Amino acid sequence: MSSLALIMIARDEARCIERCLRSAEGLVDEMLVLDTGSVDDTAAIARGCGATVAHWSWRDDFAAARNAALALTSCDWRLVIDADEWIADGSASVGACRDAVPAFVGVLRISSLIDGVQAGVQQAPSWLPRLLPRGVVYQGRVHEQPVSALPRRRLELTLLHDGYLPDAMVRKRGRNRRLLQQALLDDPDDAYLHYQLGKDFEVHGDFVAAEPCFSRALERAERQAGWRHDLLLRQLFTLKKLGRFESGMALAQQEMEHWPHSPDFFFTLGDLLLDWAAARPGLAASLLPMIESSWLRALHIGENPALQDTVSGRGSYLAAHNLAVMFDALGDICKARLWRERSAAMRRVADLGSKTLLPA
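Given the structure is predicted, the values throughout are model-derived calculations rather than measurements.

A.B. asks: Can you tell me about unusual backbone geometry, naming the residues and giving the values?
C.D. replies: Not every positive phi belongs to a glycine, and Asp-60 is a case in point at roughly 60°. Here Asp-60 is to be found in the loop between β3 (52–55) and α3 (62–70). The phi angle at Asp-309 is positive, at roughly 65°, despite the residue not being glycine. Mapped onto the elements of the fold, Asp-309 is located in the loop between α12 (284–301) and α13 (317–330). By relative accessible area, which is 13% here, Asp-309 ends up buried.

Written as structure tokens, this is what we have:
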């Protein structure tokens with residue numbers, strides 16, 4: 001059987017590191033934490049969980065830190081995980097990999113918890129390469145990626161991630177922006193860096209700064225890039241927040257043929273159209289049928305959890321809820337009640353599916 005190590009870089013993660021390490025107990029042969037300068041109890045907590053802790057002086061380079069952590073082990077496989085993540089489901093798939101020759105990169109489902117405000121906490125999954133065979137290393141000063149010609153294989157292992165919840169975002173504010181801007185000086189045509197810089201601005205409400213970053217990323221991004229879906233949705237949302245509805249609609253029409261399987265695309269389009277109707281009442285009569293059609297299309301597609309960066313509910317209860325709110329505003333009480341009941345039923349089904357993953 002191949003050997004397996006948990007690999008982590010961490011700094012000031014006393015809040016959550018125990019949860020992460022405890023979730024891997026019995027799954028890995030060793031746990032290695034590279035502390036990059038904690039001033040809290042991160043290192044002591046990690047040792048208390050059985051991890052080996054090494055220290056490394058931070059030098060504004062995430063790939064260098066990842067690679068220094070990878071160098072701490074000689075195991076055949078390395079499960080790369082962050083302190084604000086934890087293993088929620090699918091451990092057996094990693095066990096099966098240990099019986100295989102380490103000749104591929106394992107891609108895991110990382111479900112980020114996000115605050116849907118009125119809808120409560122929702123999950124947005126991404127598929128990321130995190131199970132690495134020995135010899136694979138990272139590149140990239142920030143938002144680093146493993147580089148390997150080996151084939152990639154999706155595994156059933158699911159990690160949950162709470163680093164995008166409001167309290168965590170406050171702690172992270174501006175953390176990566178300087179590194180992204182510095183990386184873009186070295187490679188100004190890198191679409192992924194423009195996307196990540198725009199995302200850094202957008203999640204903190206700076207839509208004016210985010211929009212040109214997203215625009216440059218869309219111009220340069222390959223059509224098959226896994227993150228293009230999220231990039232498009234964020235640009236549509238940003239254009240909506242800036243009141244640039246015509247530009248948003250033009251972008252949506254340009255991209256629509258490529259996303260027939262995305263409930264998120266049509267959910268976001270409906271939201272953009274709704275804000276347009278609210279801002280320009282004279283257009284409401286022509287926009288309302290398009291709004292209804294967009295959310296119905298999202299419902300017709302349904303949930304698509306295999307889609308990169310989809311948000312749970314946009315193909316079910318969230319779209320139904322929006323239809324209920326719309327018909328309430330139009331005074332159609334019967335249709336509003338119907339969609340409200342459907343939304344509640346869909347939410348109950350979704351909650352049953354996720355309750356085994358979320359912590360008590």
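On we go.
A.B. asks: If you had to explain the state of the cysteines to someone new, which residues and values would you point to?
C.D. replies: In total, this model carries 0 disulfides according to the counting rule given. With no disulfide of its own, Cys-97 lies 14 Å from the sulfur of Cys-75, the closest cysteine sulfur.

A.B. asks: Provide a residue-level description of the nonpolar core, including the pertinent values.
C.D. replies: Formed by 70 residues in total, the largest nonpolar core has its most connected members in Trp-227, Leu-231, Phe-265 and Leu-273. Excluding its chain neighbours within four sequence positions, the residues that come into contact with Phe-265 are Leu-232, Leu-233, Leu-236, Ala-252, Glu-255, Met-256 and Trp-259. Of all hydrophobic cores here, the second largest spans 32 residues; its members include Met-8, Val-28, Leu-131 and Leu-155.

A.B. asks: Describe the packing of helix α6 (residues 177–186) against helix α7 (residues 191–203), listing the residues and the values that go with them.
C.D. replies: Contact geometry of α6 with α7 gives a least axis separation of 10 Å together with a crossing angle of 150°. Between α6 and α7, the crossing angle belongs to the class labelled roughly antiparallel. Both α6 and α7 take part in a crossing whose hand is left-handed. Contacts from Arg-177, Leu-180, Gln-181, Ala-183 and Leu-184 in α6 reach Leu-193, His-194, Gln-196, Leu-197, Asp-200 and Phe-201 in α7. For the contact of α6 with α7, the residue count by class is 6 nonpolar, 3 polar and 2 charged.

A.B. asks: Describe the pairing of β3, listing the residues and the values that go with them.
C.D. replies: Summarising the sheet, strand β2 (residues 30–35) and β3 pair through 4 bridges and their orientation is parallel. Along β3, the bridge assignment pairs Leu-34 with Ala-54. Handedness of the β2-helix α2 (residues 42–48)-β3 crossover: right-handed.

A.B. asks: With reference to specific residues and values, describe the side chain of Thr-73.
C.D. replies: Along the chain, Thr-73 turns up in the loop between α3 and β4 (77–80). Judged by its relative accessible area of 8%, Thr-73 is buried. A distance of 3.0 Å separates a polar side-chain atom of Thr-73 from the backbone nitrogen of Cys-75. Leave out the neighbours within four places in its chain, and Thr-73 touches Ala-5, Ile-7, Glu-30, Leu-32 and Arg-78.

Rules used in this analysis
Residues numbered from 1 in each chain as written. Predicted model: local features only at pLDDT ≥ 70, side-chain atom pairs only at ≥ 80, totals over all residues. Heavy atoms only, no water. Helix = DSSP H or I, 4+ residues; strand = E, 2+ residues; numbered from the N terminus. Buried < 20%, exposed > 50% of the residue type's maximum accessible area, 1.4 Å probe, protein only. Disulfide = S-S within 2.5 Å. Core = buried A, V, L, I, M, F, W, Y, C linked by side-chain atoms within 4.5 Å. Contact = heavy atoms within 4.5 Å. Axes fitted to C-alpha atoms, helices over the stretch in contact; angles between N-to-C directions. Parallel < 35°, antiparallel > 145°, perpendicular 65-115°, else oblique. Left-handed = near helix turned anticlockwise from the far one by under 90°. Nonpolar A, V, L, I, M, F, W, Y, C, P; charged D, E, K, R; others polar. Pairing = 2+ DSSP bridges. Right-handed = clockwise from strand over helix to strand, strands pointing away. Polar contact = N/O pair within 3.5 Å; in protein donor to acceptor, adjacent residues only side chain to side chain.

So, to be careful, I would describe these as geometric facts and stop short of saying anything about function.
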